[in-house]
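Report on the structure
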Amino acid sequence: MTSPADPVDQIREKISGYILSESTFREEITFTVKAESIVECCSLLKNTLGFTYLVDVTVVDYLTVKFPRYEVVYLLHRFGENYEENLKIRLKAALEQDNPAIDSVTSVWSGANWLEREAYDMFGITFRGHPDPRRILMPDDYDQFPLRKDFDVRDRESSKRCFERALDEGLE
């Protein structure tokens with residue numbers, strides 16, 4: 001069996017078992033994939049189709065607008081020999097509101113390390129199997145996730161506790 005000439009058809013063929021839906025907007029293609037298969041899907045894209053560059057990992061919080069509440073978004077890039085052969089795609093994986101977690105893709109792209117840490121820090125998404133799940137932007141004892149839609153910017157208690165602790169530690 002010969003593979004399709006169109007790169008997007010090649011992607012569809014390779015990851016067809018993981019795709020839940022597909023959309024195109026402004027010539028950018030997005031595949032919504034099964035969250036439980038994200039590592040296998042990403043491994044296929046990198047190792048068989050040349051998506052060697054993970055541009056970003058981010059999260060969308062839909063709160064009450066859409067269910068499931070969260071989508072983890074992976075932006076991938078494949079560099080071709082000619083400019084026309086460059087290809088960017090987006091993968092999305094939906095996560096439930098209660099205890100949102102997905103497997104880490106650091107085993108596929110080591111660069112996912114800090115990107116996943118930032119997604120955890122800002123949205124509270126847990127990346128199972130992450131080699132270093134510490135907070136990266138907020139203090140270690142900060143108990144809020146500032147980019148969640150239900151984050152109350154008027155509640156300053158978490159920030160106040162962290163600041164007071166840092167002051168106390170600085171005086172010792």
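For the structure given in this document, a descriptive report is provided here. Just so we're clear, the structure is a prediction, and the values are computed from it rather than from any experiment. (Residues numbered from 1 in each chain as written. Predicted model: local features only at pLDDT ≥ 70, side-chain atom pairs only at ≥ 80, totals over all residues. Heavy atoms only, no water.)

1. A closer look at the overall build of the chain
In plain terms, the rule: Numbered from the N terminus, helices here are DSSP runs of H or I no shorter than four residues, and strands are runs of E no shorter than two. Buried means the residue's accessible area, taken with a 1.4 Å probe over protein chains only, is under 20% of the maximum for its type, while exposed means over 50%, and partly exposed covers the values in between.
Of regular secondary structure, the chain possesses four helices and seven strands. For the chain, the succession of helices and strands along the chain, N to C, is α-β-β-α-β-β-β-β-α-β-α. The principal-axis extents of the C-alpha atoms in the chain amount to approximately 70 × 35 × 25 Å. Across the 172 residues in the chain, those meeting the buried criterion constitute 38%.

2. Brief notes about the sheet that holds strand β5 (residues 87-95)
Formally: A strand pair is defined by DSSP finding two or more bridges across the two strands. Working convention: axes come from line fits to C-alpha atoms, limited for helices to the stretch in contact. Angles between N-to-C directions cover 0 to 180 degrees. Note on contacts: a residue pair is in contact if any heavy atoms of the two residues lie within 4.5 Å.
Strands sit in the order β1-β2-β5-β4-β3 across an open sheet of five strands; the sheet is mixed. Bordering the open sheet on either side are β1 (19-25) and β3 (53-61), each of which pairs with just one other strand. Across the sheet, the axes of successive neighbouring strands diverge by a mean angle of 20°, strand direction being ignored. Lying over the sheet, helix α1 (residues 7-15) contacts β1, β2 (28-33), β4 (70-78) and β5, oriented at roughly 5° with respect to β2. Packing of helix α2 (residues 38-49) onto the sheet brings it into contact with β2, β4 and β5, and relative to β5 it is tilted by some 170°.

3. A look at α2
Stated precisely, the cut-off is as follows: Expected helix span is computed as 1.5 Å times (number of residues minus one).
For α2, which comprises twelve residues, the first-to-last C-alpha distance of 16 Å matches the rise-based estimate of 16 Å (1.5 Å per residue) to within 8%. When we look at burial in α2, the residues that qualify are Ile38, Val39, Cys41, Cys42, Leu45 and Leu49. For α2, the elements touching its buried residues are α1, β2, β4, β5 and β6 (101-103). Looking one or two residues past α2, Gly50 carries a phi angle of roughly 80°, positive in sign.

4. What about the pairing of β4?
Most of β4 sits inside the fold, with eight of its nine residues counted as buried. Sheet topology places β3 next to β4; eight bridges connect them, and they run antiparallel. Bridging across to β4, Leu54 finds its partner in Leu76. Both β4 and β5 contribute to a ladder of nine bridges, which runs antiparallel. Bridging from a neighbouring strand, Val72 pairs with Ala93 of β5.

5. Re the state of the cysteines
Selection criterion: Put simply, a disulfide is two cysteine sulfurs that come within 2.5 Å.
Considering all chains together, one arrives at zero disulfides under this definition. The closest cysteine sulfur to the non-disulfide-bonded Cys41 is located on Cys42, 5.6 Å from its own sulfur. Among the residues examined, Cys41 registers a relative accessible area of 0% and is labelled buried.

6. What about the nonpolar core?
Counted only if it meets this: Put simply, buried Ala, Val, Leu, Ile, Met, Phe, Trp, Tyr and Cys residues joined by side-chain atoms within 4.5 Å make one nonpolar core.
Counting 38 residues, the largest nonpolar core has Leu45, Tyr74, Leu91 and Ile102 as the members making the most contacts within it. Listed by contribution, the elements that provide at least two residues to this core are α1, β2, α2, β3, β4, β5 and α3 (112-123). Broken down by element, the residue count for this core peaks at six residues, all from α2. Ignoring sequence-local partners within four residues, the contact set of Ile102 consists of Ala35, Ile38, Val72, Tyr74, Ala93, Leu95, Ile125, Thr126, Phe127 and Arg128.

7. Considering unusual backbone geometry
Look at the link from Phe67 to Pro68: it is a cis peptide, with omega at -5°. Note on placement: Pro68 falls in the loop between β3 and β4. Notably, Leu63 is not glycine yet its phi reads approximately 45°, a positive angle. Inspection of the secondary structure puts Leu63 in the loop between β3 and β4.

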